[in-house]
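# Commentary on secondary and tertiary structure
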Amino acid sequence: MSIVVMKFGGSSVADADKIRAAARRAIAAHEKGQQVAMVVSAMGDTTDDLEKLAYQVAANPDKREWDQLMVTGEQVTISLMAMALRDLGVPAISFTADQIGMVTDGVHTKARLLRINARRIRRELDEGKIVIIAGFQGVTANGDMTTLGRGGSNVTLVAIAAALKAQQCENYTDVDGVYTADPRIVPTARKLASISYDEMLELASLGANVLHNRAVEFAKKYRVPIHVRNSQNENQGTLIVAETAAMENIVVRGAALKDKLARITLRHLPDRPGVVARIFHVIAEADIVVDDILQTVNPAGRATVSFTIDLRELNDALTVCERLKNDFTDLEISHVTDLAKVSVVGVGMRVHTGVAERMFKALADAKINIENITTSEIKISCIIDREQGPEALRLVHDAFDLGTGPLKETRKRGKKRAGRASK
Ligand code: ADP
Ligand code: ASP
Ligand code: MG
C-alpha cells in the first residue's frame, strides 16, 4: 500500500477552520486507499510568540528550557488535528517526538536527527489510522526535548518520509511552490515546476525559508522527492528532485536574500600558521555556524579576520571570542549587525560564464556597495547593507530576467567543464 507523508506549516494550521481543512485533505488521500502520516507545525505565529515570552522572562534564556518551551507549540496542533480527524470519522493518533523515538544530538535549538524508530508509526498506519507527528522537535538519548531549528518541521517531514520509504512527500504551505525568489519581496517572481536538490539546498541555505536546508540535505541523501504546494488550493506545486542534464541550460534558477546577519572582526592577530585554525576551533566547539570568512594582513604583519554569522548567534559568538584574548593578547574585537546577503543560484553556472559580472553590474548601477563576495560551483553571494537587501534582491532577479525570460529546460548547449565553476 502506498504511503504519503504530508506536512502542514504554521500558516496552514493557523486556526480551527484551517486545521479541519488540512484534516479533510489527509482524509481525501486516505479514502483513495493510501496510508497517511501527517507532520504539523505550531499554529500560526505560536513559535514567534513563545520566543517573545522567553525574552520577557530572561535576557539570555537557557537553551534546554527554550526547547522545552518551543515544543509545546507543535503539541497543541497534533492533538487538535487528531481530534478533528476523529470528528470527521477517521481513526487518528498523534505522537510527540519522544513517543516515536525521534532521537537527536543534544545541541539545543539546532539539534540534528540521529535516528527514528518508525515501528510504532507503521503499526498504527497498518491499523488504518492517520498518524500525526509533531514537527520541529526531537528527544536526546537522555530524554531531554530538543528542537531542530526554526522551520525544522520540514526536516521532520523528510525524515519521516525517508524512514517510512513513502512514495509521496508533500509540503503544504502558504505559497504555490518554490518561486524564483521570495514572492513576498519580489512580486514578479515565478513558480518553478521543478528544481534540483543542489539548487534548493543552496537557496534554502541562502535565505529561501520555504524549506529548511537540512530537509533538502536529507531528501537528497535518501532520494525523497519533495512536492511543495499550497494548502489553500489544488494547484500543482514545485517538485524538488535529482538533477537532470537539461537543468544546466538555465543559468540562474533563483535568487535569495538572507537577512539578519552580523559580522565579527578580530584585529591585531599574529600572522602565523595555526591562528585561524584556533579561532574557528573555538567557534565550532560552541556550535556556531559561520557563513563566510575574510582574512587580510597589514604591512606590519598583523592579521585581521572577519566572519559573518546569523544575528541570533551574535551573543554566543562574542562570548567565545572574548576567550580568545587568552591566546592572543593584543586581540581587538568589534562587530556590526546590519548586514544581508543577496545570492543567485543555478546549476547552469557550471557551464555558462558572465554571471558574476551581470550580478555585480546590477548592484553597482543602483549604487549598492558589495562588502564581500563568496562563490560556489552553483552560486554567487554578495554581502550588502541590510537596508538595501529587498531592493538588491529585486535588482538581481530582474538582471537575470527571472520574472520574464524563458524558463524552459531546452536542449543542452555547450560543454560541461568538469569540476570547475565558470561563472
Ligand atoms: P509555513 O507556514 O508553511 O511553514 P513558511 O513561512 O515557513 O511557511 O515558508 C513559506 C514562506 O517562504 C512563503 O510565504 C515565502 O514568503 C517564503 N519564501 C522565501 N523564499 C521563497 C521562495 N523562493 N519560494 C517560495 N517561498 C519563499
Ligand atoms: N514551529 C516552528 C517554526 O515556526 C517549526 C516549523 O514551523 O517548521 O519555526
Ligand atoms: Mg515554516
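Each value, and the rule that gives it
- Residues numbered from 1 in each chain as written.
- Chains lettered and ligands numbered in written order.
- Predicted model: local features only at pLDDT ≥ 70, side-chain atom pairs only at ≥ 80, totals over all residues.
- Heavy atoms only, no water.
- Helix = DSSP H or I, 4+ residues; strand = E, 2+ residues; numbered from the N terminus.
- Rg over C-alpha atoms; globule rule 2.2 N^0.38 Å.
- Contact = heavy atoms within 4.5 Å.
- Areas by Shrake-Rupley, 256 points an atom, 1.4 Å probe, with all protein chains shown as cover.
- Lys, Arg positive; Asp, Glu negative; His and termini not counted.
- Charge placed at Lys NZ, Arg CZ, Asp CG, Glu CD.
- Near = heavy atom within 4 Å.
- Polar contact = N/O pair within 3.5 Å; in protein donor to acceptor, adjacent residues only side chain to side chain.
- Nonpolar A, V, L, I, M, F, W, Y, C, P; charged D, E, K, R; others polar.
- Expected span 1.5 Å × (residues − 1).
- Buried < 20%, exposed > 50% of the residue type's maximum accessible area, 1.4 Å probe, protein only.
- Arc of directions from axis to C-beta.
- Pairing = 2+ DSSP bridges.
- Phe/Tyr/Trp six-rings, centres within 6.5 Å; stacked < 30°, edge-to-face > 60°.
- Salt bridge = Lys/Arg side-chain N within 4 Å of Asp/Glu carboxyl O.

On to the overall build of the protein chain, then. Along the protein chain, the regular secondary structure elements total 11 helices and 18 strands. Compactness check: the protein chain gives a C-alpha radius of gyration of 23 Å against a globular reference of 22 Å for 423 residues, within 12% of the reference. In the protein chain, of all internal contacts separated by at least 6 residues, the share reaching a separation of at least 24 is 75%. Accessible surface, the protein chain as shown: approximately 19300 Å² in total, 49% of it carbon and sulfur. If the 56 positive side-chain charges of the protein chain are averaged to one point and the 53 negative ones to another, these points end up 6 Å apart.

Lining the immediate surroundings of ligand 1 are 18 residues, of which Ser 11, Thr 173, Asp 174, Asp 182 and Arg 184 lie closest. Backbone polar atom of Tyr 179 to a nitrogen atom of ligand 1: 2.9 Å apart, as the coordinates give it. One of the side-chain nitrogen or oxygen atoms of Arg 184 is found 2.6 Å away from an oxygen atom of ligand 1. Relative to its free-state accessible area of 570 Å², ligand 1 is covered by the protein chains to the extent of 85%. Here the shell around ligand 1 is built from residues that sort into 8 nonpolar, 6 polar and 4 charged.

Okay, helix H2 (residues 46-57) next. Here H2 spans 17 Å end to end across 12 residues, near enough to the 16 Å set by a 1.5 Å rise per residue. Here H2 has its buried residues at Thr 47, Leu 50, Glu 51 and Ala 54. Considered in projection along H2, the buried side chains sweep an arc of 105° and stay on one side of the axis. Exposed and facing more than 90 degrees away from the buried side of H2 are Lys 52 and Gln 56. Buried residues along H2 sit against helix H3 (63-87).

On a regular strand, one side chain projects to one face of the sheet and the next to the other, so that they alternate. Burial of strand E6 (residues 130-134) is extensive: 5 of the 5 residues sit out of reach of the surface. Of the two faces of E6, both are covered, the one formed by Ile 130, Ile 132 and Ala 134 as well as the one formed by Val 131 and Ile 133. Here 4 bridges tie strand E3 (residues 92-95) to E6, and the two strands are oriented parallel to one another. Across the sheet, Phe 95 pairs through a bridge with Ile 133, a residue of E6.

With that out of the way, let us pick up the side chain of Gln 35. Within the element layout of this structure, Gln 35 appears in strand E2 (residues 35-40). Note on Gln 35: relative accessible area 11%, which makes it buried. At 3.4 Å, the side chain of Gln 35 and the backbone oxygen of Leu 125 are in polar contact. In contact with Gln 35, not counting residues within four places along its chain, are Met 1, Ser 2, Ile 3, Val 4, Leu 125 and Asp 126.

The next thing to look at is the environment of Arg 386. One can find Arg 386 in the loop between strand E18 (379-385) and helix H11 (389-399). Taking the relative accessible area as the measure of exposure, Arg 386 reaches 31% and is therefore partly exposed. The sequence separation of Arg 386 and Ile 121 amounts to 265 residues, and the corresponding C-alpha distance is 45 Å.

Our focus in this paragraph is the packing of aromatic side chains. Each aromatic ring pair is described using two quantities: the centre-to-centre distance and the angle formed by the ring planes. This structure, assessed with the given rule, holds 4 aromatic pairs. Seen in terms of ring centroids, Phe 8 and Tyr 172 are 4.8 Å apart; in terms of plane orientation they differ by 5°. Their pairing is stacked. Here Tyr 172 lies in strand E9 (residues 168-173) and Phe 8 lies in strand E1 (residues 3-8), a separation of 164 residues in the sequence. Judged by relative accessible area, which is 1%, Phe 8 ranks as buried. Owing to a relative accessible area of 2%, Tyr 172 belongs among the buried residues under this scheme.

In terms of residue burial, strand E11 (residues 226-230) counts as a mostly covered element, since 5 of its 5 residues are buried. Neither face of E11 is left uncovered, since the one carrying Ile 226, Val 228 and Asn 230 and the one carrying His 227 and Arg 229 both have all their residues buried. Note: E9 against E11, 5 bridges, orientation parallel. The residue bridging Asn 171 from the neighbouring strand is Val 228, located in E11. Bridge count between E11 and strand E12 (residues 238-241): 3 bridges; the pairing is antiparallel. The partner of Val 228 across the bridge, within E12, is Thr 238.

Side-chain pairs of opposite charge can arise where the charged atoms are in close proximity. Per the stated rule, a full pass over the model turns up 29 salt bridges. A salt bridge links Lys 52 to Asp 49, with the nearest nitrogen and oxygen atoms 3.9 Å apart. Within this pair, Lys 52 and its partner Asp 49 are both found in helix H2, separated by 3 residues, close to a single helical turn. Residue class for Lys 52 comes out exposed when judged on its relative accessible area of 52%. Since its relative accessible area comes to 42%, Asp 49 is described here as partly exposed. Here Asp 316 makes a salt bridge to Lys 63, at a shortest N to O gap of 2.5 Å. One end of the pair, Asp 316, is in helix H9 (residues 314-323); the other, Lys 63, is in helix H3, with 253 residues separating them in the sequence.

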